[in-house]
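Here's the letter readout for the chains.
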Amino acid sequence: MAFVRTITYTFPYENIEELQTGTDTWLRLVSAHKLLAQESLGMLDTGVWITQNSDTGAVRVVSVTEWSSLEDMQAFASDPDVRLHETAITRLTTGAPAVEIYEVMG
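Treat the numbers as computed from the prediction; the structure is a model and nothing was measured.

Quick notes on the rules
- Residues numbered from 1 in each chain as written.
- Predicted model: local features only at pLDDT ≥ 70, side-chain atom pairs only at ≥ 80, totals over all residues.
- Heavy atoms only, no water.
- Pairing = 2+ DSSP bridges.
- Helix = DSSP H or I, 4+ residues; strand = E, 2+ residues; numbered from the N terminus.
- Axes fitted to C-alpha atoms, helices over the stretch in contact; angles between N-to-C directions.
- Contact = heavy atoms within 4.5 Å.
- Salt bridge = Lys/Arg side-chain N within 4 Å of Asp/Glu carboxyl O.
- Buried < 20%, exposed > 50% of the residue type's maximum accessible area, 1.4 Å probe, protein only.
- Patch = residues over 30% accessible without salt bridge, like charges linked within 9 Å, V, L, I, M, F, W, Y side chains within 5 Å.
- Areas by Shrake-Rupley, 256 points an atom, 1.4 Å probe, with all protein chains shown as cover.
- 1 Å grid on protein atoms, 1.4 Å probe; cavity = no way out; pocket = protein on both sides within 12 Å on 5 of 7 lines; lining within 4 Å.
- Points joined across faces, edges and corners; volume = space filled by probe spheres on them.

Trainee: Before we go on, may I ask you to explain the sheet that holds strand β1 (residues 2-11) in this structure?
Mentor: Hydrogen bonding along the main chain pairs the strands of a sheet, whether they run parallel or antiparallel. Taken in spatial order, the 4 strands make up an open sheet running β2-β3-β1-β4, and their pairing is antiparallel. Of all strands in the sheet, those bounded by a partner on one side alone are β2 (43-52) and β4 (98-104). For this sheet, the mean angle separating the axes of adjacent strands, direction not counted, is 15°. In this structure, β2 lies alongside strand β3 (residues 59-67), joined through 9 bridges in antiparallel fashion. Note on β3: the bridge partner recorded for Thr-46 is Thr-65. Contacting β1, β2 and β3, helix α1 (residues 24-38) crosses the sheet at an angle of about 165° to β2. Along the sheet, helix α2 (residues 70-77) makes contact with β1, β3 and β4, crossing β1 at roughly 30°.

Take a look at the structure:
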């Protein structure tokens, strides 16, 4: 069994320039996220998906990590560096990020 943690951020249209390749926000969402996950015990996979709402222009960013155990996932989520990056990203988003946990069956 594995466990998946997703954290979804919604950026208003006014802040989408923050998602340009090479910006601080981009580095936090992609590079730092991947590096921190790879340095954590039990990480199986990681990825980031970005979609844009055609009506409002808002951008939804979903950051995904997959873990071999629930304990490894919880250790990653409570890491001070992970919390720092998630807090910095949230300052540019609409509302609090949505965190979901899934268990991979099969």
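The discussion continues.
Trainee: What is the right way to look at the pattern of salt bridges in this model?
Mentor: Opposite charge on two side chains lets them pair, provided their charged atoms get close. Under the definition given, this model contains 3 salt bridges. Where Arg-5 meets Glu-86, a salt bridge forms, and the shortest distance between an N and an O atom there is 3.1 Å. With a gap of 81 residues between them, Arg-5 in strand β1 and Glu-86 in helix α3 (residues 80-90) connect regions that are remote in the sequence. We classify Arg-5 as buried; its relative accessible area is 5%. Of the residues examined, Glu-86 reaches a relative accessible area of 11% and is grouped as buried. Of the charged contacts in the structure, one is a salt bridge between Arg-28 and Asp-24, with a shortest N-O distance of 2.9 Å. Linking Arg-28 with Asp-24, this pair stays in helix α1, spanning 4 residues, or about one helical turn.

Trainee: Would you mind showing me how to read a nonpolar patch on the surface here?
Mentor: Taken together, Leu-70, Val-99 and Ile-101 make up a surface patch of nonpolar side chains, about 220 Å² in accessible area. Among the structural elements, Val-99 can be located in strand β4.

Trainee: Where do I start with empty space enclosed by the protein in this structure?
Mentor: Remark: the empty space left among the atoms is shown by a probe the size of a water molecule rolled over them. Scanning all chains against the criterion turns up 1 cavity of 30 Å³ or more. The calculated volume of the largest cavity comes to roughly 100 Å³. Residue lining of the largest cavity: 14 residues in total, with Arg-28, His-33, Val-82, His-85 and Glu-86 positioned closest to the centre. Among the secondary structure elements, those contributing two or more residues to the lining of the largest cavity are β1, α1 and α3. Looking at the lining of the largest cavity element by element, the count peaks at 5 residues for α1.

Trainee: When you look at the environment of Ile-101 in this model, what are you seeing that I'm missing?
Mentor: Turning to its location among the elements, Ile-101 is positioned in strand β4. Taking the relative accessible area as the measure of exposure, Ile-101 reaches 42% and is therefore partly exposed. Residues contacting Ile-101, with those up to four places away along its chain left out, are Val-4, Arg-5, Leu-70 and Met-73.

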